[in-house]
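Examining the three-dimensional arrangement
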Amino acid sequence: MSTKLKVTIIASSLAILLFSIVGSHVSVRASSNDGAYRQLSVYSEVLSRIRLEYVEEPNIAGVTDGALHGLLESLDANSSYLSAEEYKHYKTMKNGGQADIGAVVSKRFGYAAVVAIIPGGPADKAGIENTDIIESIGTKSTHDMSLAEIRSMLAGEVGSTITVAVVRPRRAEPQKIVITRDVVAIPPVSDKMLADNVGYIQVDSFPDGKAEEIAGKLRDLQKQGAKKLVLDLRNSAGGVESEGVATANLFLDHGTITYLQGQKYPRQAFNADPGKDVTKLPVVVLVNRGTAGPAEIVAAAILENARGDVVGDKTFGDGSVQKLIEMPDNSALILSIAKYYSPSGKAIQDVAVTPNVLVADSADDDAGLPDEDEQAAPGEKPGDKKDEKPKNQTDDQLNKALEVLKNRDVKG
């Protein structure tokens, strides 16, 4: 047996052992070690049978890579296995300050799923929409890729292009769309005054510094006479969780905002600092299926601290901390080690955030790419015009938020 094969088997066996220990620890702690070793024994036997009895000589390294990809993905969408080659590319993209497509991508149904897009970014310009399923990137199916590899492949040099195959309802076949990568600028927080002295703030993402920007908008709206607030976090999925915590604190002067906890990660609570809240005005938070990550922390904190209402669709469900673990054969694991929890103890990644006032998104989920029997104009490719949704479409969620606010008393 070659040294390379031995390293591959040892590395994969250690990974299987790790997974088995984690799984059995959750179910039956007392017998976790025995269960782990039994699983490792079964894995070794299966690998031996494949090597000795498969119809042709197998590519053991390929078999092991496939097993490890499936193993990590079975834990959660954010845990990934990267082969040595994949990890090398991952480090290049991670450290190179590369351009990307301007979309938050996770995995659902085994494939890459677009959670939200950045307005004005490459994906937006190409006609990609929230809830799109990316079946393949280039010639490779996303079903066979870890989330880390998917994100790595979507990044690249400024001006370079990438072809993705997108699946949407009412289409028999995936639609290929070419996206030109670029450096993506996060739009500034938008704000305006609505009728009845309602201040409106829309946040597309939560990069560093966004909470401070939101605080400034809140102060401006109050100076303009706002008596109530709508915080629109629909399709807000990117950014860092610390900005979500800081944003929630702008509305809270007490209580738990969120906490982190894992098997080997001691509970770390994030409590509201009474010196950092900037408004006591009644607030309604708007969310939908494209609300994820930091935005979910904000929504859950405001809802569960009875600070305001949350209106819209159930959110996406994403919130965890990952650890990068390099393996002896130059491959790597990206392993989730802690999850963010709502104040009441719900793992946001597992159950998402359910609004206390449910209102389905009025946007047409089938809008976007034309149906099979529709024809694009001569010389026009599908997605060129993004098949704009009907103008003057009613925003049922916003209207409901305004209705909810009318029933709330203004607090000092």
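Residues numbered from 1 in each chain as written. Predicted model: local features only at pLDDT ≥ 70, side-chain atom pairs only at ≥ 80, totals over all residues. Heavy atoms only, no water.

**Some thoughts on the overall build of the protein**
The helix and strand tally for the protein stands at eleven helices and 19 strands. At a minimum sequence separation of 6, the contacts of the protein that also span at least 24 residues come to 70%. Summed over its atoms, the accessible surface of the protein is roughly 20300 Å², and 50% of this surface lies on carbon and sulfur atoms. (Helix = DSSP H or I, 4+ residues; strand = E, 2+ residues; numbered from the N terminus. Contact = heavy atoms within 4.5 Å. Areas by Shrake-Rupley, 256 points an atom, 1.4 Å probe, with all protein chains shown as cover.)

**Some details on the confidence of the model for the protein**
For the protein, per-residue confidence averages 85 on the pLDDT scale, and 82% of positions sit at 70 or higher. Across residues 1–11, where pLDDT falls below 50, the model places nine contacts with residues more than four positions away in sequence or in other chains. Confidence over residues 364–389 falls short of pLDDT 50; this stretch has 40 contacts with residues more than four positions distant or in other chains. (pLDDT = per-residue confidence, 0-100.)

**Brief notes about the pairing of strand 16 (residues 309–312)**
Residues Asp 309 and Val 311 line one face of strand 16 and the alternating positions Val 310 and Gly 312 line the opposite face, and both faces are buried. As paired strands, strand 15 (residues 283–287) and strand 16 are joined by four bridges and run parallel to one another. Within strand 16, the position partnered with Val 284 by the bridge is Asp 309. Assessed by its sense of winding, the connection that carries the chain from strand 15 through helix 9 (residues 294–304) to strand 16 is right-handed. Here strand 16 pairs with strand 19 (residues 357–358) via two bridges, running parallel. Bridge pairing links Gly 312 to Leu 358 in strand 19. (Buried < 20%, exposed > 50% of the residue type's maximum accessible area, 1.4 Å probe, protein only. Pairing = 2+ DSSP bridges. Right-handed = clockwise from strand over helix to strand, strands pointing away.)

**Considerations on the environment of Asp 100**
Assignment of secondary structure puts Asp 100 in the loop between helix 4 (84–95) and strand 2 (103–108). Exposure remark for Asp 100: the relative accessible area of 33% places this residue in the partly exposed category. Apart from the residues within four sequence positions on either side, Asp 100 is in contact with Pro 122, Leu 154, Ala 155, Arg 181, Asp 182 and Val 184. Looking at Asp 100, its side chain comes within polar contact range of the main-chain nitrogen of Gly 102, at 3.0 Å. (Polar contact = N/O pair within 3.5 Å; in protein donor to acceptor, adjacent residues only side chain to side chain.)

**Overview of helix 11 (residues 396–406)**
Looking at helix 11, one finds that the buried residues are Gln 397, Leu 398, Ala 401, Val 404 and Leu 405. Across the axial projection of helix 11, the buried residues extend over an arc of 120°, all falling on one side. Where helix 11 is buried, its residues meet strand 8 (190–194), strand 9 (198–202), strand 11 (228–232), strand 15, strand 16 and strand 19. (Arc of directions from axis to C-beta.)

**Focus on the nonpolar core**
In terms of nonpolar packing, the biggest core is built from 26 residues, with Val 203, Leu 218, Leu 229, Leu 231, Leu 233, Phe 251 and Val 285 touching the most fellow members. Ranked by the residues each element gives to this core, the list is headed by helix 9, at five residues. Leaving out residues up to four positions away in the same chain, Phe 251 has contacts with Leu 218, Leu 229, Leu 231, Asp 277, Thr 279, Val 283, Ile 302 and Arg 307. Ile 101, Ile 117, Leu 154 and Ile 162 belong to the second-largest nonpolar core, a separate cluster that totals 18 residues. (Core = buried A, V, L, I, M, F, W, Y, C linked by side-chain atoms within 4.5 Å.)

**So, the pattern of salt bridges**
In total, this model carries 15 salt bridges according to the counting rule given. The partner of Asp 277 in a salt bridge is Lys 280, and the shortest N-O contact between them spans 2.6 Å. What makes Lys 280 partly exposed here is its relative accessible area of 41%. Notably, a salt bridge pairs Arg 289 with Asp 313, separated by 4.0 Å at the nearest N-O pair. Remark: Asp 313 occurs in the loop between strand 16 and strand 17 (320–326) and Arg 289 occurs in the loop between strand 15 and helix 9; sequence separation between them is 24 residues. Taken together, the shared-partner salt bridges in this structure form one network comprising Glu 45, Arg 49 and Glu 53. (Salt bridge = Lys/Arg side-chain N within 4 Å of Asp/Glu carboxyl O.)

**Observations regarding the packing of aromatic side chains**
Under the criterion given, the structure shown has two aromatic pairs. Geometrically, the ring pair formed by Tyr 87 and Tyr 90 is stacked, given 6.3 Å between the ring centres and 25° between the ring planes. Placement of the pair is Tyr 87 and Tyr 90 together in helix 4, with a separation of three residues, close to one helical turn. The buried category is assigned to Tyr 87, whose relative accessible area is 4%. (Phe/Tyr/Trp six-rings, centres within 6.5 Å; stacked < 30°, edge-to-face > 60°.)

**Topic: the sheet that holds strand 11**
The strand order across the open sheet built from six strands is 8-9-11-15-16-19, with neighbouring strands paired in mixed fashion. With partners counted over all chains shown, the strands left at the sheet margins are strand 8 and strand 19, one partner each. The pairing of strand 8 with strand 9 spans five bridges and is antiparallel. Note on strand 9: the bridge partner recorded for Asp 191 is Ile 201. Where helix 7 (residues 210–223) meets the sheet, its contacts fall on strand 8, strand 9 and strand 11, and the angle it forms with strand 9 comes to roughly 165°. Against the sheet, helix 11 touches strand 8, strand 9, strand 11, strand 15, strand 16 and strand 19, its axis set at about 160° to strand 15. (Axes fitted to C-alpha atoms, helices over the stretch in contact; angles between N-to-C directions.)

**Brief notes about unusual backbone geometry**
Here the phi dihedral of Asn 197 falls at roughly 60°; this positive angle occurs in a residue that is not glycine. Relative to the assigned elements, Asn 197 resides in the loop between strand 8 and strand 9.

**Quick look at the side chain of Ser 80**
Summarising the element assignment, Ser 80 is placed in strand 1 (residues 80–82). Judged by its relative accessible area of 1%, Ser 80 falls in the buried class. Within the structure, the side chain of Ser 80 is placed 3.3 Å from the backbone nitrogen of Ala 148, a separation counted as a polar contact. Excluding its chain neighbours within four sequence positions, the residues that come into contact with Ser 80 are Leu 72, Ser 146, Leu 147, Ala 148, Ala 332, Leu 333 and Ile 334.

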